[in-house]
Number of protein chains: 2
Amino acid sequence: MKPSIPRGTRDFGPAEMQKRNYIFSILRRNFELFGYEPIETPTMEKAETLLGKYGEEGDKLVFRILDSGNFWDSVKDTPFENDYISKRIKQKELINIPQSEMTQVQKDEFNRLLGYFTATNRISVQIAGHISEKALRYDLTVPFARYVVMNQHNLAFPFKRYQIQPVWRADRPQKGRYREFYQCDADIIGSDSLINELDLISLIDKSFSELKIPVLVKFNNRKILSAIAEIIDAKDKIVDITIAIDKLDKIGKDGVVKELTEKGIDASAIQKLTPLFDFKGSNTDKVKTLKTFVGENTIGKKGIEEIEYLLNNSKAAHATIELDITLARGLNYYTGTIFEVKANAGTFTPSILGGGRYDDLTGIFGLPNMSGVGISFGVDRIYDVMEELNLFPESISKTSSTKLLFAHFDESNRDHCIPLANELRKNNISCEVYPDIVKKVAKQFDYANKKNIPFVCVVGSNEMQNKRYMLKDMSKGTQEEMSLEDIIKKLK
Amino acid sequence: MKPSIPRGTRDFGPAEMQKRNYIFSILRRNFELFGYEPIETPTMEKAETLLGKYGEEGDKLVFRILDSGNFWDSVKDTPFENDYISKRIKQKELINIPQSEMTQVQKDEFNRLLGYFTATNRISVQIAGHISEKALRYDLTVPFARYVVMNQHNLAFPFKRYQIQPVWRADRPQKGRYREFYQCDADIIGSDSLINELDLISLIDKSFSELKIPVLVKFNNRKILSAIAEIIDAKDKIVDITIAIDKLDKIGKDGVVKELTEKGIDASAIQKLTPLFDFKGSNTDKVKTLKTFVGENTIGKKGIEEIEYLLNNSKAAHATIELDITLARGLNYYTGTIFEVKANAGTFTPSILGGGRYDDLTGIFGLPNMSGVGISFGVDRIYDVMEELNLFPESISKTSSTKLLFAHFDESNRDHCIPLANELRKNNISCEVYPDIVKKVAKQFDYANKKNIPFVCVVGSNEMQNKRYMLKDMSKGTQEEMSLEDIIKKLK
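These lines cover the structure that appears in this document, whether it is placed above or below. (Residues numbered from 1 in each chain as written. Chains lettered and ligands numbered in written order. Predicted model: local features only at pLDDT ≥ 70, side-chain atom pairs only at ≥ 80, totals over all residues. Heavy atoms only, no water.)

**Describing the relation of the copies chain A and chain B**
Phase 1 of the analysis: With an axial shift of 0.0 Å and an RMSD of 0.1 Å, the rotation relating chain A to chain B amounts to 180°. These values place the two chain copies in the arrangement generated by a two-fold rotation axis. Distance from the rotation axis, computed per C-alpha, reaches its smallest value in chain A at Ile65 of chain A: 2.2 Å.
Phase 2 of the analysis: Both copies contact each other with a shared surface, as 100% of the interface residues of chain A are interface residues in chain B too. (Least-squares fit on C-alpha atoms with pLDDT ≥ 70 in both. Contact = heavy atoms within 4.5 Å.)

**Some points on the sheet that holds strand β16 (residues 479–483) of chain A**
Residue and element names in this part refer to chain A.
Phase 1 of the analysis: Spatially, five strands are ordered β13-β12-β14-β15-β16 in an open sheet, and the strand pairing comes out mixed. What marks the edges here is a single partner per strand, and that holds for β13 (431–433) and β16. Each neighbouring strand pair of the sheet contributes to a mean axis angle of 30°, computed without reference to strand direction.
Phase 2 of the analysis: Two strands pair when backbone bridges link them, and strand β14 (residues 455–459) and strand β15 (residues 468–473) are joined in this way by four bridges, in the antiparallel orientation. Counterpart to Phe455 in the pairing with β15 is Asp473.
Phase 3 of the analysis: Helix α18 (residues 441–450) rests against β12 (404–408), β13, β14 and β15 of the sheet, and its axis sits at about 170° to β12. (Pairing = 2+ DSSP bridges. Helix = DSSP H or I, 4+ residues; strand = E, 2+ residues; numbered from the N terminus. Axes fitted to C-alpha atoms, helices over the stretch in contact; angles between N-to-C directions.)

**Quick look at the interface of chain A and chain B**
Phase 1 of the analysis: Of the residues lining the interface, 115 residues belong to chain A; the matching set on chain B comes to 115 residues.
Phase 2 of the analysis: Carbon and sulfur atoms supply 59% of the area that chain A and chain B bury against each other, a total of about 9800 Å² over both sides.
Phase 3 of the analysis: Where chain A meets chain B, there are 12 salt bridges.
Phase 4 of the analysis: Residue Arg425 of chain A is joined to Asp199 of chain B by a salt bridge in which the shortest nitrogen-to-oxygen separation is 3.3 Å.
Phase 5 of the analysis: Across the contact surface, chain A and chain B share 44 residue pairs in polar contact (both at pLDDT 80 or more).
Phase 6 of the analysis: Where strand β3 (residues 64–66) of chain A and strand β3 (residues 64–66) of chain B come together, three bridges link them in antiparallel fashion. Paired with Leu66 of chain A across the bridge in β3 of chain B is Arg64 of chain B. (Buried area = accessible area lost by both parts, 1.4 Å probe. Salt bridge = Lys/Arg side-chain N within 4 Å of Asp/Glu carboxyl O. Polar contact = N/O pair within 3.5 Å; in protein donor to acceptor, adjacent residues only side chain to side chain.)

**Describing the sheet that holds strand β10 (residues 353–358) of chain B**
Residue and element names in this part refer to chain B.
Phase 1 of the analysis: Taken in spatial order, the eight strands of this open sheet run β1-β5-β6-β11-β10-β9-β7-β8, and their pairing is mixed. Edge positions in the sheet fall to β1 (37–38) and β8 (321–323), since each of these pairs with one other strand and no more.
Phase 2 of the analysis: Summarising the sheet, strand β6 (residues 180–189) and strand β11 (residues 372–378) pair through seven bridges and their orientation is antiparallel. Counted as the bridge partner of Ile188 is Val373 from β11.

Function cannot be inferred from these measures alone, as they are strictly geometric.
Quick look at the structure:
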């Protein structure tokens, strides 16, 4: 058996872990500098907690867990199973009759059954409802809302939390898109003040500067999108419109128009929308044009007011943000500001951060009027950008956690090293004793080199007797005879 | 809808996270002090990678992922589905005939079908094979072995790795037993030297001393258990015997005897085993008795030799270990030394660390002769022990990540605070601006208290004008007027 891992998932070896931890530690430090506190939620959530929150397309990407034990018991003898089996039998009877010999009734029945059994997705969805009550976390925002509702009486509101955990999506894997990836989220819930948006903009700005990634911070406001839907009289199509506009970068203007048409938006309405695809100029210019477009529409005016507040105050947060009216963010729950960050250099185009305000995400779980806003750093994509742009400090890949390797010639030399190693560790010096007896010391030096261990201490019979050890500096190639105490002093 | 989380899973709030991170950081530091390097593997593994490695009882506890999309397509029209449906139809026809009116053939058929459909587990297992190709990580050892085989050409052997990630088991939740829990593993693979066992014993000893948990470190050797199976002539029953003996603590001597009988081990063989359940005395006494029991059995003698090496050399590792001949560790893959650690105080009885040597775990994946040995710290149980014994440093629960809160009276005061906050953060001082406009400053002080924020800076119109701010020390209750520079100097 040749082992492999599921498509869209990855292993991380020691070198990748060091780089990933470098990103995590910068984000974690910044989250704490801004007063966000850590929480963690379970990998598995009840399916009902997640489904219905991410839009139709999102729901399809939720990984479900098969119930443990005799899960088929929950399907057996249900009306669903009875119906399925009787339909299956009828189909199998009919399939043996040549089309030419079928009566009209049989033909109709056959076609009806054919339709039923080729619409397998409906069958799968029905069965899934019986045999899978848990699902894997799809993002960190919905579990956070669920957490807030369950712990509302113990939390100090407004509650600022950060959360660094993986999420899973059954998406088609491709460059920058994984089926398991980490999100690093910061949210503040229980306050509708726009100062929270400013706080997040500062956090974005500071984090990416420290990571040294040049970025473009785009924002928009869902209220503008709602206003547009009202103006073109397609209020019930707001989700379809945002999903279509969100694809502008990927499928172009023509693609968006095509998708809008397919979703039943008529040509004159689409005509009204098209100017939005070509918004140009400075933020101020854009706001001016937008004002004309929105006119007296109430929600639209509120959206513009929020946009102007952020534009006027973001300078205090030292950040440059760009209004992008075509930014939509597919997720169902956003209601106000939405954010997106892309790298402003290199060839990597997917967004590396997303976020926005949700006015009532906790309402679904029984706690209404809890406005929140948050952002999510996509660490795996940040990693890809940093690799391409060569932004990891050189020191990272050259450091080993082990500072010293004890090498030796025979069993008694080796066993002599064990208490020495423990002494070093007591002094916080990371070290190892090469475990096997190998004739050639060269092999042990090889091991040290491969692992980037900077010092090797060779212990032979003389060294054991004199308690003075040869310490070799692997990068300089020099060596020096020293006592254990001096080695500790040198490496501490 | 009242939200909840799946049975056996937990949320961790900020206070729990601080305590958990305290444990993680001690373990991580020690892993690195001993030269172990970090890796991470995916949450989802192919089901075939995991199944068959944990024994029959373990396999049942593996959580499986439902294939995404139209998973039922893979069942439809398979011989299995055809067989299932025709059986189901026959059963439904027969169920309508009163027993008294059935012919003998019908009766036999009915009973046969009844047997088939009540053995639902077989049906579930068959269906699962079609609709679920992925599963959740059950431990970190098997994914590690899979990782080593896939990356064998890039690794420096012997390879020492540590891994801190959650695992999932569909076990019945109870005290100390969760369905999602973290393992912290250290393994060394590619060396069969017993010095690695000593290295791990030192690591165990040092880690638990730093956590201040008094522990009992027990060990045994699977070779002894193999010898016993040979001696009582039940070689094919070795797994059953280890599983039964492993339960000695839980079900007592009578329970073990009962289970062994059920597994088909005859009374005279069990009779031979029973002295093992009552091994008493010092390690030396036990080895002596064991030598008599094992006699000239080859594998038994090898086991004793390994045990004696560890007993003779563990003093160099400063650790006290206790030989426990009834220790078995249920997992299939162990072949040599096995470890188990329990807290030696309080009422918490489950083990908080387990581990052992596996001679050929990578063999299944195509890389034979790679002996490895490892241990796994159970962080969630360590947490429970430390809570019960009150071992978390008091400082942990009293620290907030936020050092200072800016409080204010109106919008202009508040907006004045934004650049001040950014200035503090530039100097690595964690702070927040209270986001909402509330008339009462008391509410803002409340927030600071609930979040354990040690300093509050109240900004009103005077402060804005004079650029001197009132800094209140929340624990002392004192306050002082200061410039921003002085605040930075004080809190830095």
